[in-house]
Amino acid sequence: MVRSPGFLIFRLDDFATGKGTMAYVCRDKYSGNWFQGQKSGQGIYQYSDGSRYEGEFKANMRHGQGKCLYPSGDVYSGDWREDMRCGHGVYRFSDGQIYDGQWRDDEMSGNGDLANPDGSKYSGDWEEGIMHGEGAMEYSNGDLYQGFWKNGYREGEGSYIWATGEKFHGEW
């Protein structure tokens, strides 16, 4: 292994352990902890596309708690497992939407809340990034739907209450 100020440069048969920085040919850059030649522990990975991940690594993958800033201005902060968003996390979209909830396989899946810039809010079940299962939507005009969703649409038993007080309960 060759050491230069702030950088670790090692051959493939070396196993770097400790803190160091690696600049990759693809213009990505990692600064942080290494264990036996792999990113492990706390670190910062800057991608050539402008994305930046700050957090925990395990076996060269984002794993544990971390924050990712995307070139679009979106920000995810939360749990990672084997390089994917998994567990609880908060995703702030550049358009002002905020999702706070469960993730599975890099998708909003499980229970979560989505707040929209127009004041509308959804709270309930998600599947692969789509409202799916039981949930409630409070619309910006004061209307409320509580019931079942399928593939992002009201479907099944539910109640719709208009801001005027009118109500409908039935199948969608």
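Above this text is the structure in question.
In what follows, the accompanying structure is described.

## Some words on the pattern of salt bridges
1) Next: All chains considered together, the criterion is met by five salt bridges.
2) Next: Put simply, R62 and D83 hold a salt bridge, and the shortest N to O gap is 3.0 Å. A residue pair is termed long-range when its members are at least 10 positions apart, and R62 in strand β7 (residues 61-69) and D83 in the loop between β8 (75-81) and β9 (84-92) qualify at 21 residues.
3) Next: Among the residues examined, R62 registers a relative accessible area of 13% and is labelled buried.
4) Next: D83 sits in the partly exposed class, given a relative accessible area of 31%.
5) Next: Where R104 meets E127, a salt bridge forms, and the shortest distance between an N and an O atom there is 3.2 Å. Of this pair, R104 sits in strand β10 (residues 98-104) while E127 sits in strand β12 (residues 121-127); the two residues are 23 residues apart in sequence, bridging distant segments of the chain.

## Observations regarding the environment of G20
1) Next: As for its position among the elements, G20 is in strand β3 (residues 18-23).
2) Next: A C-alpha to C-alpha distance of 44 Å links G20 and K121, two positions 101 residues apart in sequence.

Conventions we followed
Residues numbered from 1 in each chain as written. Predicted model: local features only at pLDDT ≥ 70, side-chain atom pairs only at ≥ 80, totals over all residues. Heavy atoms only, no water. Salt bridge = Lys/Arg side-chain N within 4 Å of Asp/Glu carboxyl O. Helix = DSSP H or I, 4+ residues; strand = E, 2+ residues; numbered from the N terminus. Buried < 20%, exposed > 50% of the residue type's maximum accessible area, 1.4 Å probe, protein only.

Bear in mind that shape data such as this cannot, by itself, settle questions of function.
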